[in-house]
Amino acid sequence: MIRHSLAAMAAAVLAIPMTASGVAHAAEVEIEADGPVIELSVYESVTAAPDLVTIGAGVSSEAPTAVEAMRQNAEEMTRVIARIRSLGVADEDIQTTGINLNARYDYNQQSRRQIFRGYQVSNRVSVKLREIDETGSVLDALVASGATDLSGPSFSIENDDAAKDVARQRAVERAQRRAEAYARMVGYDGVRVLAISEAIRASGPVPQVQARALAAEADVSTPVQPGQVSTGVSITIKYEMVDGQAEE
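Residues numbered from 1 in each chain as written. Predicted model: local features only at pLDDT ≥ 70, side-chain atom pairs only at ≥ 80, totals over all residues. Heavy atoms only, no water.

(A) Local environment of the overall build of the protein. Across its full length, the protein holds 5 helices and 8 strands. Walking the protein from its N terminus toward its C terminus, one meets helices and strands in the order α-β-β-α-β-β-α-β-α-β-β-β-α. Across the 248 residues in the protein, those meeting the buried criterion constitute 34%. Restricting the contact set of the protein to residue pairs at least 6 apart, pairs at least 24 apart contribute 82%. Accessible surface, the protein: about 15,100 Å² in total, of which carbon and sulfur atoms supply 51%. (Helix = DSSP H or I, 4+ residues; strand = E, 2+ residues; numbered from the N terminus. Buried < 20%, exposed > 50% of the residue type's maximum accessible area, 1.4 Å probe, protein only. Contact = heavy atoms within 4.5 Å. Areas by Shrake-Rupley, 256 points an atom, 1.4 Å probe, with all protein chains shown as cover.)

(B) Region of interest: helix H3 (residues 135–145). In terms of burial, H3 is largely enclosed, as 8 of its 11 residues are buried. Listing the buried residues of H3 in full gives Thr135, Gly136, Val138, Leu139, Ala141, Leu142, Val143 and Ser145. On its buried face, H3 sits against strand E2 (52–63), helix H2 (66–86), strand E4 (113–129) and strand E5 (149–156).

(C) Region of interest: the nonpolar core. By size, the foremost hydrophobic cluster in this structure holds 23 residues, and its most contacted members are Ile55, Ile84, Val125 and Leu142. Among the elements of the structure, E2, H2, E4, H3 and E5 are those that each provide at least two residues to this core. Here Val125 is in contact with Ile55, Gly56, Ala57, Met77, Ile81, Ile84, Ile94, Gln95, Thr96 and Thr97, once residues within four sequence places are set aside. Counting 17 residues, the second largest nonpolar core, distinct from the first, contains Val42, Val46, Ala175 and Tyr239. (Core = buried A, V, L, I, M, F, W, Y, C linked by side-chain atoms within 4.5 Å.)

(D) Local environment of the side chain of Thr231. Considering the arrangement of structural elements, one finds Thr231 in strand E8 (residues 229–242). Looking at Thr231, its side chain comes within polar contact range of the side chain of Asp160, at 2.7 Å. (Polar contact = N/O pair within 3.5 Å; in protein donor to acceptor, adjacent residues only side chain to side chain.)

(E) Region of the structure containing the packing of H2 against H3. At a closest axis distance of 9 Å, the pairing of H2 and H3 adopts a crossing angle of 150°. Classified by the angle between their axes, H2 and H3 sit roughly antiparallel to one another. As for how H2 packs across H3, the hand of that crossing is right-handed. Taken together, the residues of H3 that come into contact with H2 (itself represented by Arg79, Val80, Arg83 and Ile84) are Ala141, Leu142 and Ser145. Counted by class, the contact of H2 with H3 contains 4 nonpolar, 1 polar and 2 charged residues. (Axes fitted to C-alpha atoms, helices over the stretch in contact; angles between N-to-C directions. Parallel < 35°, antiparallel > 145°, perpendicular 65-115°, else oblique. Left-handed = near helix turned anticlockwise from the far one by under 90°. Nonpolar A, V, L, I, M, F, W, Y, C, P; charged D, E, K, R; others polar.)

(F) Representation of unusual backbone geometry within the structure. Cis geometry marks the peptide bond from Gly152 to Pro153, where omega comes out at 0°. Mapped onto the elements, Pro153 comes out in strand E5. Of note in this structure, Arg112 is not a glycine but carries a positive phi near 55°. Here Arg112 lies in the loop between strand E3 (94–108) and E4. Assessed through its relative accessible area of 67%, Arg112 is described here as exposed.

(G) Structural view of the packing of aromatic side chains. Evaluated as defined, the whole model comprises 2 aromatic pairs. Arranged with centres 5.7 Å apart and planes meeting at 70°, the rings of Tyr105 and Phe116 form a pair that is edge-to-face. Here Tyr105, found in strand E3, pairs with Phe116, found in strand E4; they are 11 residues apart in sequence, far enough to count as distant. Their ring planes at 70° and their centres at 5.3 Å tell us that Phe116 and Tyr119 sit as a pair that is edge-to-face. Each residue in the set Tyr105, Phe116 and Tyr119 is aromatic and connected to the rest through ring pairs, giving one cluster. (Phe/Tyr/Trp six-rings, centres within 6.5 Å; stacked < 30°, edge-to-face > 60°.)

(H) Geometry of a nonpolar patch on the surface. There is a patch of nonpolar side chains on the surface, built from Met70, Ile99 and Leu101 and spanning about 270 Å² of accessible area. Within the element layout of this structure, Ile99 appears in strand E3. (Patch = residues over 30% accessible without salt bridge, like charges linked within 9 Å, V, L, I, M, F, W, Y side chains within 5 Å. Salt bridge = Lys/Arg side-chain N within 4 Å of Asp/Glu carboxyl O.)

Structural data, given as structure tokens:
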């Protein structure tokens with residue numbers, strides 16, 4: 001009988017459930033079910049206008065000695081951070097992401113030896129901007145204050161709880177419709193939820209553009225288009241296929 005065959009197949013599937021990435025894991029919980037079980041994974045996302053942008057700004061300095069390179073870099077980075085603060089960015093939205101000190105060498109083709117040329121220091125900060133429309137002018141101001149390389153912008157939604165709730169509702173409804181359709185295909189009246197798990201996905205896509213500053217002044221502000229970003233959830237739901245009498 002087809003139902004007995006399906007039940008045996010479902011038991012085999014439950015023994016080695018699959019993740020969304022296709023990696024098998026041993027089952028942690030034995031689920032009691034009289035009918036066959038189906039497991040569905042559904043992803044839903046919602047797009048919205050971003051309200052937060054993150055950019056990176058850095059300063060690189062070179063000098064004959066490590067002490068001098070660090071001193072020059074400290075002075076230059078202090079000016080950059082002061083400029084960021086003058087634009088109205090709060091201290092909690094400015095974070096140092098890396099300070100690197102490296103010896104610099106040139107390769108001499110004639111002697112085939114590395115020739116020491118000094119030290120290089122790089123210092124980078126990550127800056128969160130809450131006024132999306134000012135992104136271009138902020139980038140220009142950072143270059144004018146001494147930033148020698150920029151990264152970003154990365155757009156996101158600071159609080160995407162409401163958007164995720166919408167995506168979650170859509171995912172549950174789509175999974176339910178699909179499970180019920182499978183049940184009807186094999187002669188069952190409906191389905192009963194056995195378990196639900198969820199994986200949160202960060203806002204995306206996140207544009208990444210890196211550029212080295214070539215000029216300190218510009219006639220117009222750097223154009224930046226925030227577009228839309230997406231946020232969503234991935235849910236996995238296990239259903240038991242049931243008859244109408246079992247649902248009552």
